[in-house]
Structures are given as C-alpha cells and as structure tokens.
Amino acid sequence: MSITEGNVTVIDHPLIQHKLTIMRNKETSIAGFRRLLREIAHLMCYEVTRDLELEMIPIETPMSEMNSPAIKGKKLVFASILRAGNGLLDGMLDLVPAARVAHIGIYRDHETLEPVEYYFKAPSALEDRLIIVVDPMLATGNSATAAIEKLKERGANNIRFLCLLAAPEGIENFNKAHPDVPVFTASIDSHLNEKGYIVPGLGDAGDRMYGTR
Ligand SMILES: O=P(O)(O)OC[C@H]1O[C@H](OP(=O)(O)OP(=O)(O)O)[C@H](O)[C@@H]1O
Ligand SMILES: O=c1cc[nH]c(=O)[nH]1
Ligand SMILES: [Mg+2]
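Residues numbered from 1 in each chain as written. Chains lettered and ligands numbered in written order. Predicted model: local features only at pLDDT ≥ 70, side-chain atom pairs only at ≥ 80, totals over all residues.

## Some points on the overall build of the protein chain
- Broken down by element type, the protein chain carries six helices and 15 strands.
- Across its three principal directions, the C-alpha atoms of the protein chain cover 65 × 35 × 35 Å.
- Counting across all 213 residues of the protein chain, residues that qualify as buried make up 35%.
- For the protein chain, contacts bridging at least 24 residues in sequence account for 61% of all contacts bridging at least 6. (Helix = DSSP H or I, 4+ residues; strand = E, 2+ residues; numbered from the N terminus. Buried ≥ 20, exposed ≤ 12 C-beta atoms within 10 Å, placed from the backbone. Contact = placed C-beta atoms within 7 Å.)

## Here we look at the site of ligand 2
- Around ligand 2, a shell composed of Ala84, Met137, Ala139, Tyr197, Ile198, Gly201, Asp204, Ala205 and Gly206 is seen.
- For the shell around ligand 2, the class distribution of residues is six nonpolar, two polar and one charged. (Near = placed C-beta within 6 Å. Nonpolar A, V, L, I, M, F, W, Y, C, P; charged D, E, K, R; others polar.)

## Topic: the site of ligand 1
- Taken together, 23 residues are adjacent to ligand 1, and Ala84, Ala139, Thr140, Ser143 and Gly206 come closest.
- Residue contributions to the shell around ligand 1 peak at three residues, all from helix H4 (residues 142-153).
- Of the residues contributing to the shell around ligand 1, the split by class is twelve nonpolar, seven polar and four charged.

## A word on the UniProt feature "binding site: uracil" (unreviewed entry) in the protein chain
- UniProt annotation of "binding site: uracil" (unreviewed entry) refers to Ile198, Gly203, Asp204 and Ala205 when read in the numbering used here.
- Checked against the element boundaries, Ile198 lands in strand S15 (residues 198-199).
- Under the C-beta neighbour-count criterion, Ile198 is labelled buried, with 26 such atoms within 10 Å.
- With sequence-adjacent residues up to four places away left out, Ile198 is seen in contact with Met137, Ala139, Leu165, Ala167, Asp189 and Leu192.
- Along the polypeptide, Ala205 turns up in helix H6 (residues 205-210). (UniProt positions renumbered as here; feature names shortened; annotations may be inferred.)

## Examining unusual backbone geometry
- Along the chain, Leu82 connects to Arg83 via a cis peptide bond; the corresponding omega equals -5 degrees.
- Within the fold, Arg83 resides in the loop between strand S5 (77-82) and helix H3 (85-95).
- The step from Val199 to Pro200 runs through a cis peptide bond, and the omega angle for that step is 0 degrees.
- For Arg213, which is not a glycine, the phi torsion comes out positive at approximately 60 degrees.
- In this fold, Arg213 is placed in the segment after H6.

## Side note on the confidence of the model for the protein chain
- When pLDDT is averaged along the protein chain, the result is 97, and 100% of the positions lie at 70 or above.
- Reported for the predicted complex are a pTM of 0.97 and an ipTM of 0.97. (pLDDT = per-residue confidence, 0-100.)

## Side note on the sheet that holds strand S10 (residues 159-162)
- In spatial order, the strands read S1-S2-S12-S10-S8-S5-S6-S7; together these eight strands make up an open sheet with mixed pairing. Two strands bound the open sheet, and with one partner strand each, they are strand S1 (2-5) and strand S7 (115-121). Within the sheet, the average angular offset between the axes of one strand and its neighbour, ignoring direction, is 20 degrees.
- Two elements, strand S8 (residues 131-134) and S10, share four bridges in a ladder whose sense is parallel. From the neighbouring strand, Val133 faces S10, where its bridge partner is Phe161. (Pairing = 2+ DSSP bridges. Axes fitted to C-alpha atoms, helices over the stretch in contact; angles between N-to-C directions.)

## Quick notes on the pairing of S5
- Most of S5 sits inside the fold, with five of its six residues counted as buried.
- The pairing of S5 with S8 spans four bridges and is classified as parallel. Within S8, the position partnered with Ala79 by the bridge is Val133.

## Here's the deal with helix H2 (residues 30-48)
- For H2, with 19 residues, the first-to-last C-alpha span of 26 Å sits near the 27 Å given by 1.5 Å per residue.
- Taken together, the buried positions of H2 are occupied by Phe33, Leu36, Leu37, Ile40, Ala41, Met44, Cys45 and Val48. (Expected span 1.5 Å × (residues − 1).)

## Brief notes about the UniProt feature "binding site: 5-phospho-alpha-D-ribose 1-diphosphate" (unreviewed entry) in the protein chain
- With numbering matched to this structure, UniProt assigns "binding site: 5-phospho-alpha-D-ribose 1-diphosphate" (unreviewed entry) to Arg83, Arg108, Asp135, Pro136, Met137, Leu138, Ala139, Thr140, Gly141, Asn142, Ser143 and Asp204.
- With respect to the helices and strands, the residue Pro136 is situated in the loop between S8 and strand S9 (137-138).
- Not counting the four nearest positions on each side in its chain, Pro136 is found in contact with Leu37, Ala84, Gly87, Leu88, Cys163, Leu164, Leu165 and Ala205.
- Checked against the element boundaries, Gly141 lands in the loop between S9 and H4.
- Those residues in contact with Gly141, other than ones at most four positions away along the chain, are Gly170, Ile171, Asn173 and Phe174.

Structure, rendered in structure tokens:
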C-alpha cells in the first residue's frame, strides 16, 4: 500500500504505521527501537523492490524440469549511510541476503548541518546495478544528497532512496539535487526545528539505535 506524488512514495501500510508510532514514542527502549526498525525495513523492502524485473531460468524440481522466475540482472546494492542507515540495512539484508552492500560514512555537523564524509566503500560495477540507499532520516537532505553524489561519481545511474521519516524541506532540497532518484518513506512529517531535527520525528535515530548520548 502506498501513495506516490511526483517521485516521492509514502508507504502507508498499517503495520508500518503502527510500528512507526511505537518507534516515535520516547519511552520505547533501545532494543525495541532497533527491532522495530528492522521489522519496518522488511515491509519497506517489499515495496521498494516490487517492480524488479524477472527472467525465466531453467531449473529441475524433484519432479520435472521447468522454467521459473528469478530476479534479472546483477545483484542489487544496498548503500547504508552510517550509522543509522545500518538499522534499515539489517532488515533489507534479511529479505535479500545476496545483495551487495556499500557503506557511506557521513555525519552532519551539529552547527552547520553540513555533511561530513569519513568513509566510502562500494562494490564494483555500480553502473550496472540498482542501488537502494538507506537512511532512516531525511532532514535537511544534505547527507542523502552528498551520499548519492558520491555514488554517481563512481558510475551509479539507477538509484532509489529509502527512509523512514522525511521533512518537507529535505524532500525539496533532495529533489532539486537528484530529480532522477525516487524517494520512498513511511511518513512526511511537519517541519524541521531550528536545530534541523524533524518534528514531530523520533529524535536522533543513531542515538536511539545505539544508546549513545
Ligand atoms: O538530512 P540531514 O539534515 O543531513 O540529516 C539526516 C542525517 O542525520 C542523521 O545522521 P547523523 O548525522 O546523526 O549521524 P549518525 O547516523 O552517525 O548518528 C541521519 O541518520 C541522517 O544521516
Ligand atoms: O530528526 C532528525 C534529524 C536528523 N537526524 C536524526 O537522527 N533525526
Ligand atoms: Mg545521529
């Protein structure tokens, strides 16, 4: 279940929305937060991959030969924007265990809200693969924009961005920078506060996942 407007799709499946409500609650434990993010990743992965192309491949069942559908082309790449992206990545890999993984180390400077890059490692042949970039939060959009610039510099040309929460300001900035990249989210929240946090949001996703700060 989803609603698409322009290149933004809000995945409004009731299970996702229910789990997201529990994640937003400030009383939810670290263990609960992490488990829910993984479960939501399963449900979102299902939607973001629903149009993947299939091809028929020959196999043998215990009973007979047959041609059976399999995902066409090179293995998918999941690109996680560290740290919080790893919470979604874990759930995505549960469903697509053979996917290749890119790690993109970026945090945002608390004062300037500009992205600071500290790590990049990606599989080969990005130009021939679908790349799904994951990060729970699209706030100003600066981190996602920078991550996707890096991937494009390495040849990526078929990219989707998956997050849990997006701010309208972030979507606008991101769309301007990367109009060719569809965005999938579970919610578009109200606004950013003066410190660049999503309101009502869920706080700092990385801190809530890992118990920092
Ligand atoms: O859209 P933006 O304004 O760039 O904000 C979103 C970014 O902020 C958070 O990461 P953070 O900088 O807290 O790093 P962390 O995951 O290591 O905690 C979040 O996971 C995004 O990567
Ligand atoms: O609300 C926000 C904004 C950026 N990063 C987060 O983790 N939360
Ligand atoms: Mg953080």
